[in-house]
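Okay, here's what each chain looks like letter by letter:
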Amino acid sequence: MMFNTSLPGFMHVDLNSCFASIEQQANPSLRGKPVVVGAYVTDKGCILAASREAKKLGIKTGMRVFEAKRIYPRVIVLPSDPAKYRFVSKQLYEVFCQHTDNVEMKSIDEGILQFNPNQVKETLWKIAEKIKIEIKEQAGDWLTVSVGISTNSYFAKLAAGLQKPDGLVEINASNIETILKNLSLESLPYIKHGNRTRLNCVGIYTPLDFFHAEASILRAAFQSVVGTRWHSWLHGFEIPGVSFGGRTPREIDKTIGHSYALTKQTSDDQELTSLLSQLVEKMGKRLRAKNFSAGGIHVYCRLGNGLPWHHGEKLPNRIFANPDLFEAAWKILERRPKEEKVSLLAVNVFDLNQTVGEQISLFESKSQKKELAKALDAINNRFGDWSVFQALSLGTRGKILDRIAFVR
Amino acid sequence: MGEIIDEEVSVDLAYDCKSKTASPWLVKWRGRTYKIDKIGLHHQVWDGKTLFHYFSVCAQETFFKLSFNTVNLHWRLDEISTR
């Protein structure tokens, strides 16, 4: 199969060093300095984003704050401010929508724009240059994006990752082999250890081997239709309805949960009750906002000895209201090894279903409970979070921070 | 990292009808007046039905994060840091 020779119709735009760049945009005195945004600013906090200056020093996303400080003791560590990042993400989306109505945000800092190449008046390259300028004008002059253009979303994503920061790369039939020649298998999107091993098993060791492989070889490597899809993707073709990275609705809402890393470890039941209650409040609100009920609940603790303890169970009845969620979670948490302190507490619900057509209980009015939960959510939506909450959460209100979920 | 202040503050806001932009240009806090040189970021957040405008601004060596409550029209100084 030849590489797709049609005009490119996909553009992948990725905001460079997203959270850190936005912080530098907000506070100009941070510009040009190594800055990291941490889930927590304490030494064990995980780094969510590093500025380009910090990256140059070798500081990476996923490191702990103390590791970054070991590399550069004067690194500036900031707490995350999700509201700010969501606002900028919305502005990016608005810029994208000025150019096409086919925009899909893959995460808070990246989006895919799809064009009909025969209908656009100018080349995608020109549009990308305009988008870069508009982002600076409308979102912030410090913000840069890397843009990739190609005939499918896979190569548009690869192209966006080739030149950082502020890149603009097009992958097409004339340069595909040159580009792939300089890459390793694991530098391709969605090829990590597992897929690399699969490919190695059929004699594929480089992206060029991958590119030239017959569809039958790829089917053998992936042992499914996925191999045939890879063959199409690698030749620049998009498969309608099957997207890379974009999660299917089923995947998006498999679980909903929250976690909290305690600044001071504790085994005190009262404190843990309060924290669990607050985690449940946040989780429950998201659950109900999507009109879901949960069929199972899972509690995770990292204990003081560093070991994890967790337990999950299916519930006899589907639940959605905070008191029920709390009761189910607490029953599990009570079984933890009490002699150990807890340093991290997480709760999530699984087996999620839309709460339509559910079974009516003979003994309890679910509809009343649902109306009460809805009314409480409406009060919090109107007057702000934590306007009404379970008394159990008293004392820890506001401790559990707002977070932006990572997505593939 | 900045220092959390969370205090009421006096702010002068200028509106330019040509560019249709509104921006704070003067902050009066703890007896001192700061002239704003640069607005780094202006973002908005809903807290319930209340819309807050946040301005991340610089006055020479000082960074301020200001918030404007669009219901009671009060300004607060949320955060401050110096270079």
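On a predicted model such as this, the values are computed, not experimentally measured, just so you know.

Novice: Where do I start with the overall build of chain B in this structure?
Specialist: Along chain B, the regular secondary structure elements total zero helices and eight strands. Over its C-alpha trace chain B gives a radius of gyration of 12 Å, about what one expects of a compact globule, namely 12 Å for 83 residues. C-alpha atoms of chain B, sized along the principal axes, occupy 35 × 30 × 20 Å. Taking all 83 residues of chain B together, 27% fall into the buried category. Within chain B, contacts between residues at least 6 apart in sequence are counted, and of these 32% link residues at least 24 apart.

Novice: What am I meant to see in the sheet that holds strand S2 (residues 10-16) of chain B here?
Specialist: Residues and elements named next belong to chain B. The antiparallel open sheet is built from three strands, whose spatial order is S2-S3-S4. Each end of this open sheet is capped by a strand with a single partner; those strands are S2 and strand S4 (32-35). Looking at each pair of strands side by side, their axes are set apart by 25° on average, direction ignored.

Novice: Even after reading the chapter, I still don't get helix H5 (residues 124-138) of chain A, so can you show me in this structure?
Specialist: Residues that lie three or four places apart on an α-helix share one face, since the helix turns once every 3.6 residues. Residue and element names in this part refer to chain A. An ideal rise of 1.5 Å per residue puts 21 Å on 15 residues; H5 measures up with 20 Å between its terminal C-alpha atoms. Along H5, the residues classified as buried are Leu-124, Ile-127, Ala-128, Ile-131 and Ile-135. Along H5, the residues classed as buried sweep out an arc of 100° about the axis, all on the same side. For H5, the exposed residues lying more than 90 degrees away from the buried face are Lys-126, Ile-133 and Glu-137. Against the buried residues of H5 lie strand S1 (10-15), helix H4 (82-97), strand S7 (145-150) and strand S8 (168-170).

Novice: Can you walk me through the packing of helix H13 (residues 269-289) of chain A against helix H14 (residues 322-333) of chain A in this structure?
Specialist: Between two packed helices, the angle of one axis relative to the other and the distance separating the axes together describe the packing. All names here are of chain A. The contact between H13 and H14 brings their axes to 9 Å, and the two run at 135°. Considered as vectors, H13 and H14 are oriented oblique to each other. Note that H13 runs across H14; the crossing there is right-handed. Contacts between H13 and H14 involve Leu-272, Thr-273, Leu-276, Ser-277, Val-280, Glu-281, Met-283 and Gly-284 from the former and Asn-322, Leu-325, Phe-326, Ala-329, Trp-330 and Leu-333 from the latter. Tallied by class, residues from the contact of H13 with H14 come to nine nonpolar, four polar and one charged.

Novice: Hey, could you run me through the sheet that holds strand S1 (residues 3-8) of chain B in this one?
Specialist: By way of backbone hydrogen bonds, the strands of a sheet pair with one another, either parallel or antiparallel. Residue and element names in this part refer to chain B. As summarised here, the arrangement of the five strands in space is S1-S8-S7-S6-S5, forming an open sheet in which the pairing is antiparallel. Every interior strand has two partners, whereas the edge strands, S1 and strand S5 (38-47), have only one. Sheet twist, expressed as the average angle between the axes of neighbouring strands with direction ignored, equals 20°. Here S5 pairs with strand S6 (residues 50-59) via nine bridges, running antiparallel. Bridge assignment links His-43 to a residue of S6, and that residue is Tyr-54.

Novice: Looking at this structure, how should I read unusual backbone geometry?
Specialist: Leaving glycine out, the prevailing phi sign among residues is negative, and the prevailing peptide bond configuration is trans. All names here are of chain A. The peptide bond linking Lys-164 to Pro-165 adopts the cis configuration, its omega dihedral lying at -5°. Within the fold, Pro-165 resides in the loop between helix H6 (153-162) and S8. One non-glycine residue, Tyr-190, lies in positive phi territory at about 65°. Relative to the helices and strands, Tyr-190 resides in the loop between helix H7 (176-181) and helix H8 (193-201). For Tyr-190, a count of 13 C-beta atoms within 10 Å corresponds to the partly exposed category. Unlike most non-glycine residues, Asn-291 shows phi in positive territory, near 60°. Judged by the 14 C-beta atoms lying within 10 Å of it, Asn-291 falls in the partly exposed class.

Novice: Looking at this structure, I do not really get the domain arrangement of chain A. What am I missing?
Specialist: It is common to give the size of an interface as the accessible area that goes away when the parts come together. Segmenting chain A into domains produces domain 1 (18-83), domain 2 (176-244) and domain 3 (250-393). Relative placement of domain 1 of chain A and domain 3 of chain A: their C-alpha centres are 31 Å apart.

Novice: Sorry if this is basic, but what is going on with helix H11 (residues 225-234) of chain A here?
Specialist: All names here are of chain A. Gly-227, Trp-230, His-231, Trp-233 and Leu-234 are the residues of H11 that are buried. What you see down the axis of H11 is that its buried residues fit within an arc of 165°, all on one side. For H11, the elements touching its buried residues are H6, helix H9 (207-212) and helix H10 (215-222). At the C-terminal side of H11, Gly-236 shows a positive phi close to 80°.

Novice: Just to check I follow, could you spell out the interface of chain A and chain B for this structure?
Specialist: Taken together, the contacts link 17 residues of chain A with 15 residues of chain B. Elements with a minimum of two residues in the side of chain A that touches chain B: helix H1 (18-26), strand S4 (76-79), H4 and helix H15 (366-383) of chain A. For the side of chain A that touches chain B, the per-class residue count stands at eight nonpolar, seven polar and two charged.

Novice: Looking at this model, I keep getting lost on the confidence of the model for chain A. Mind explaining?
Specialist: Do not read the fine detail of predicted coordinates wherever pLDDT is low. On average, residues of chain A score 88 in pLDDT, and 91% of them are at 70 or above. Note that residues 245-251 of chain A has pLDDT below 50 and, in this model, eight contacts with residues that lie over four places away or in other chains.

Novice: I tried to follow the environment of A:Asp324 on my own but got confused; where do I start?
Specialist: Residue and element names in this part refer to chain A. Positionally, Asp-324 belongs in helix H14. We classify Asp-324 as buried; it has 20 C-beta atoms within 10 Å. For the pair Asp-324 and Ser-6, spaced 318 residues apart in sequence, the C-alpha separation works out to 56 Å.

Novice: Can you walk me through the pairing of strand S2 (residues 35-38) of chain A in this structure?
Specialist: If a strand is regular, its side chains alternate between the two faces of the sheet. Residue and element names in this part refer to chain A. Both faces of S2 are covered, namely the face carrying Val-35 and Val-37 and the face carrying Val-36 and Gly-38. Looking at chain direction, S2 and S4 are connected through four bridges and run parallel. Among the inter-strand pairings, Val-36 is bridged to a residue of S4, identified as Val-77.

Novice: Even after reading the chapter, I still don't get the confidence of the model for chain B, so can you show me in this structure?
Specialist: The share of residues in chain B with pLDDT of 70 or more is 99%, and the mean pLDDT across the chain is 94. The complex prediction reports pTM at 0.79, with the ipTM value standing at 0.92.

Novice: I would appreciate a short explanation of the packing of H4(A) against H5(A) in the present structure.
Specialist: Residue and element names in this part refer to chain A. Here H4 crosses H5 at 140°, and the two axes come no closer than 10 Å. Relative to H5, the element H4 is oriented oblique. Note on packing geometry: the crossing formed by H4 with H5 is right-handed. Taken together, the residues of H5 that come into contact with H4 (itself represented by Gln-91, Leu-92 and Val-95) are Ile-131, Glu-134, Ile-135 and Gln-138. Residues of the contact of H4 with H5, tallied by class, amount to four nonpolar, two polar and one charged.

Novice: What's the story with the environment of A:Leu78 in this structure? I'm lost.
Specialist: Along the polypeptide, A:Leu78 turns up in strand S4. In this structure, the C-alpha to C-alpha distance between A:Leu78 and A:Ala39, residues 39 residues apart in sequence, is 8.8 Å.

Scoring rules and cut-offs
Positions within a chain are numbered from 1, following the residues in the order the chain's sequence is written. Chains and ligands are labelled sequentially in the order written, the chains with letters from A and the ligands with numbers from 1. Whole-chain, interface and lining totals are the exception, using all residues; otherwise, since this is a predicted model, local features are given only for residues with pLDDT of at least 70 and side-chain atom pairs are given and counted only at 80 or more. Working definition: helices are DSSP H or I runs of at least four residues, strands are E runs of at least two. Numbering for both runs from the N terminus. We compute the radius of gyration over the C-alpha atoms and compare it with the globule rule, which gives 2.2 Å times the number of residues raised to the power 0.38. Field definition: a residue is buried when 20 or more other C-beta atoms are found within 10 Å of its C-beta, exposed when 12 or fewer are, and partly exposed for counts in between, with C-beta atoms placed from the backbone. By the convention adopted here, residues are in contact when the distance between their C-beta atoms, placed from the backbone, does not exceed 7 Å. Strands pair, by our definition, only if DSSP identifies at least two bridges between them. To get an axis, fit a line to the C-alpha atoms, keeping to the stretch in contact for a helix; angles then go from 0 to 180 degrees between the N-to-C directions. The span you would expect from a helix comes to 1.5 Å times its residue count less one. Of all possible arcs, the one meant is that of the directions from the helix axis to the C-beta atoms. Angle categories are assigned with fixed cut-offs, so that under 35 degrees is roughly parallel, over 145 is roughly antiparallel, 65 to 115 is roughly perpendicular, and the rest are oblique. Whether a crossing is left-handed or right-handed is set by the direction in which the near helix is turned from the far one by less than a right angle, anticlockwise for left-handed and clockwise for right-handed. Following the grouping adopted for this structure description, the nonpolar residues are Ala, Val, Leu, Ile, Met, Phe, Trp, Tyr, Cys and Pro, the charged ones are Asp, Glu, Lys and Arg, and the polar ones are all others, Gly among them. Domain limits in this description derive from either an automatic procedure or a database domain assignment. Here pLDDT means the predictor's own confidence in every residue, given as a number from 0 to 100.

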